[in-house]
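Survey of secondary and tertiary structure
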Amino acid sequence: MFPLEELMKRRRRLVVVAGLCLSFFLATWMSLLPAPPRLEPRAAGGGTARFYREKHARPAGDTGDSRLHVGETADPAGEPGTPVDPAGSLRELELQIRERYDEVLRYRHQLQARRPGHADPGRPLERRRLMDSEPGDGGDPARAQERPTGGPNGTSGGPGLSSGGSALGCGSLAAVTDVRYLGSGYTKAVHRAALNHSLSVALKSVDLAGHDMETCARRYGDTGACYRLSSFKIIKEMVLMETLQHPNVLKLYGYCYQDNGGIQETVTAITELGSPLEMISLLQTPWEQRLRICLSLVRLLSFLSRSPLGSLALLDFRPRQFVLVGGQLKVTDLDDASPLEAACSPRSAPQVCTLQFPARNFTLPCSGGRCEDINEKRNLYNAYRFFFTYLLPHSAPSALRPLLDNIVNATGDLRWGVEKTLSKMEEVLHLYRTGSYLHSLNHSTTGYKEVLDSSIPGQEVRCWPSYQQDACLLAVFDLGEALSLCEDHAHCHALVFTNQTTWTGHQLVYLKSGWSGLRHAIGQLTFIRLAS
């Protein structure tokens, strides 16, 4: 009994030590990432989804009791130390609304300047909403919403966006199905929905129970004004999506203003739907897919550095601000994008700027009283610390690793600008796409039997990373690379070339542990190792 008890004690100690090591690793890794905004599931009956499902089923005038209402004063006792100041605090709130309103107008005017003479006959300019004030408002953005909608179904469009006749609007929202809550941040809630049971879209709206709304209502006691303050972030994002049209910027399909839960003219943005980034999952994907994500990101940063609005910085730069659409990386949150560049410190001689990050600071030169290329450098270093260092080098072809290591090191030290980084990434893509990384692999097929139009069911082997979780499905440039991979794998005794290719033109091939059950499959090609 004694040896068995001692063995059990040692095993328990080993488990405890392993658990402590794992906890230390996770704590260290998480400490390198900034804390994300709140992301909580919504109850089945609440939020925007409930409004979309039930707005035609409720009696007229009955908007339910689960929402914040204009004029409702939140209980200031809900959070100690934040009392409502009806004089100074409301003036402060009005100033915040004015600042966001002016920012939206600047972007809107720049958009109109890019499209001289643009007018949308389907959406009269006199129907102004949050993005414009009528003269009767005295230019007051805090009152720009408080007019009747002019119709029971709300209004689509407005002067800030150049949506054509095919743009989605309030009429589209009336017919949405399969509405599901996806998540929320400090300001916005995002739902997915199906239009006409075919097109899947994302619906972005102010989270009425979110951090920004609750904090603002608790402090200022005016939920209508708090809603307007939050809604300008969505409107800014819509104008930027319309202005920054690029393959790596999420598409804006349309938008809608309608009364919702006692708040007049709530705004909903209708956008392209993407899949959220999960870094742990991305680390398990094939290198070619990770290359595409990083290349998409550098192309986006190159565009932002010379956008129609000037050099734009993504101030809230984290993986959760991006989505994948058809394998392409796209930025989805633009409400924190800014063209402003920091001014140089007048007290330094010579004048320099400091670009600060949690683990490292950089000194940048000044030009014309502004920090030179600070927005571009900020974006590029964030791309390095959140994407490149994790996704680029690991499991890459050995011939490409020196070039990839150089890219990672140069961006980590900010020795390169975004254009040189893009040039080097395009070089990597060219070398991979043309097979130049293979060093002339000339494997003979004499030890293999070729079987046309055939496949092998089952007989799977395991490899990592793979395009298929329960099989070894790899991308190869040619037959020589496929034979080399099979010969390097101890359990590979056959190859099945599919009729599918990746985005670079590489062909997908299965590695198989045997060939029993060989069956007819048009368009596929099997190679069986005779030496096996």
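Starting from 1, residues in each chain are numbered consecutively following that chain's sequence as written. Restriction of local features to residues with pLDDT of at least 70 applies here, the model being predicted, together with a cutoff of 80 or more for giving and counting side-chain atom pairs; totals for whole chains, interfaces and linings are based on all residues. Excluding hydrogens and water, the side-chain figures rest on all heavy atoms present in the structure.

**Examining helix α11 (residues 418-433)**
What counts here: What counts as a helix is a DSSP run of H or I of at least four residues, what counts as a strand is a run of E of at least two, and both are numbered from the N terminus. Expected span of a helix, by definition, is 1.5 Å for each gap between consecutive residues, and there is one gap fewer than residues. Throughout this description, buried means an accessible area under 20% of the type-specific maximum (1.4 Å probe, protein chains only), exposed means over 50%, and partly exposed covers the range between. Each direction from the helix axis to a C-beta atom contributes to the arc, which is the arc of those directions. Residues are treated as being in contact if the distance between any of their heavy atoms lies within 4.5 Å.
For α11, which comprises 16 residues, the first-to-last C-alpha distance of 22 Å matches the rise-based estimate of 22 Å (1.5 Å per residue) to within 8%. Buried within α11 are the following residues: V418, T421, L422, M425, V428, L429 and Y432. Projected down its long axis, α11 shows its buried positions confined to an angular sector of 115°, all on one face. Looking at the buried residues of α11, the elements they touch are α8 (287-305), α9 (374-391), α10 (401-412) and β15 (473-476). Looking one or two places after α11, you find G435, whose phi comes out positive at around 80°.

**Points about the sheet that holds strand β16 (residues 494-501)**
Strands in a sheet are paired, the pairing made by backbone hydrogen bonds, and the direction either parallel or antiparallel. The condition that has to hold: Whether two strands pair comes down to DSSP finding at least two bridges between them. Lines fitted to C-alpha atoms define the axes, with helix axes restricted to the stretch in contact, and inter-axis angles between N-to-C directions lie between 0 and 180 degrees.
The five strands are arranged β14-β18-β16-β17-β15 in an open sheet whose pairing can be described as antiparallel. Either end of the sheet is taken by a strand with one partner, and the two such strands are β14 (448-455) and β15. Each neighbouring strand pair of the sheet contributes to a mean axis angle of 30°, computed without reference to strand direction.

**Considerations on the layout of surface pockets**
Defined as follows: Using only the protein atoms, space was sampled on a 1 Å grid; points where a 1.4 Å probe fits but cannot get out form cavities, open sets with protein on both sides within 12 Å along at least five of seven lines form pockets, and lining residues are those with an atom within 4 Å of a point. Grid points are joined across faces, edges and corners, and a volume is the space filled by probe spheres set on the points. The nonpolar class holds Ala, Val, Leu, Ile, Met, Phe, Trp, Tyr, Cys and Pro. Asp, Glu, Lys and Arg form the charged class, and all remaining residues, Gly among them, are polar.
Taken as a whole, the second largest pocket holds about 690 Å³ of empty space. Lining the second largest pocket are 27 residues, and of these S395, P397, A475, E481 and L485 sit closest to its centre. Taken together, the elements giving at least two residues each to the lining of the second largest pocket come down to α8, β15 and α12 (479-488). Split by residue class, the lining of the second largest pocket holds 18 nonpolar, five polar and four charged.

**Focus on the state of the cysteines**
Keep this limit in mind: In plain terms, two cysteine sulfur atoms within 2.5 Å form what is called a disulfide here.
Scanning the model with the defined rule gives six disulfides in all. Covalent S-S linkage joins C170 and C256, the inter-sulfur distance amounting to 1.9 Å. Between C170 and C256 the sulfur-sulfur dihedral comes to about 100°; the bridge is accordingly right-handed. You can see C170 sitting in helix α4 (residues 170-173) and its partner C256 sitting in strand β4 (residues 252-260), a full 86 residues away along the chain. Look at C170 and you get buried, because its relative accessible area is 4%. Across a sulfur-sulfur distance of 2.0 Å, C216 and C226 are joined as a disulfide pair. Taking the sign of the torsion about the S-S bond as the criterion, the disulfide between C216 and C226, at about -80°, is left-handed. With C216 in helix α5 (residues 211-220) and C226 in helix α6 (residues 223-243), this residue pair connects regions lying ten residues apart in the sequence. By the burial criterion, C216 is buried, and C226 matches it. Here the protein chain pairs its bonded cysteines, counted in sequence order, in the arrangement 1-4, 2-3, 5-7, 6-8, 9-10, 11-12.

**Some points on the sheet that holds strand β13 (residues 370-371)**
The antiparallel open sheet is built from three strands, whose spatial order is β11-β12-β13. At either end of the open sheet lies a strand with only one pairing partner, and these are β11 (352-356) and β13.

**Topic: unusual backbone geometry**
Residue P465 is bonded to the preceding W464 through a cis peptide linkage, with omega at -5°. With respect to the helices and strands, P465 occurs in the loop between β14 and β15. With a phi angle near 50°, D453 is a residue other than glycine that sits in the positive phi range. Within the secondary structure layout, D453 lies in strand β14. The class of D453 is partly exposed, set by a relative accessible area of 32%.

**Remarks on the nonpolar core**
Spelled out, the test is: We call a set of buried residues a nonpolar core when its members are Ala, Val, Leu, Ile, Met, Phe, Trp, Tyr or Cys and they connect through side-chain atoms within 4.5 Å of each other.
M238, L297, F317, F322, F387, F388 and L392 are the most contacted members of the largest nonpolar core, which has 97 residues in total. Residues in contact with F388, not counting those within four places in the same chain, are C294, L297, V298, L380, A383, P393, V408, T411 and T421. Counting residues in each nonpolar core, the second largest holds 14 residues, with C472, V476, L511 and F527 among its members.

**Considering α12**
To be explicit about the condition: Identification of polar contacts relies on pairs of N or O atoms within 3.5 Å, with a donor-acceptor requirement for protein atoms, meaning one able to donate a hydrogen and the other able to accept it, and with residues adjacent in sequence counted only if both atoms are side-chain atoms.
Along α12, the positions that sit buried rather than exposed are G480, E481, A482, L483, S484 and C486. Its buried side turned inward, α12 meets β14, β15, β16, β17 (507-512) and β18 (519-529). Between the side-chain oxygen at the start of α12 and the backbone nitrogen of G480 there is a gap of 3.3 Å, and the oxygen is on D478.

**Quick notes on the environment of S198**
Structurally, the position occupied by S198 is in the loop between β2 (188-195) and β3 (199-206). Distance in space between the C-alpha atoms of S198 and T177 is 9.7 Å, their sequence separation being 21 residues.

**With respect to the packing of α8 against α9**
Our working definition: For this classification, under 35 degrees means roughly parallel, over 145 means roughly antiparallel, 65 to 115 means roughly perpendicular, and everything else is oblique.
Between α8 and α9, whose axes approach to 11 Å, the crossing angle comes to 180°. Classed by the angle they form, the pair α8 and α9 counts as roughly antiparallel. Residue-level inspection shows W287, R290, I293, C294, L297, V298, L301, L304 and S305 of α8 in contact with α9, the latter providing E376, N379, L380, A383, F387, F388 and L391. Tallied by class, residues from the contact of α8 with α9 come to twelve nonpolar, two polar and two charged.

**Observations concerning the side chain of T526**
In this fold, T526 is placed in strand β18. One polar contact links the side chain of T526 to the main-chain carbonyl oxygen of S454, over a distance of 3.0 Å. Aside from chain neighbours lying at most four places away, what touches T526 is K449, E450, V451, S454, S455, I456, L495, V496 and L518.

**Let's talk about the packing of α5 against α6**
Our working definition: By convention, the crossing between two helices is left-handed when the near helix turns anticlockwise from the far helix through less than a right angle, and right-handed when the turn is clockwise.
Relative to each other, α5 and α6 sit at 140°, their axes nearing to 9 Å. With respect to α6, the element α5 is oriented oblique. Between α5 and α6 lies a crossing whose hand is right-handed. Contacts between α5 and α6 pair D212, M213, C216, A217 and Y220 from the former with T223, C226, Y227, L229 and S230 from the latter. Looking at the contact of α5 with α6, its residues break down into seven nonpolar, two polar and one charged.

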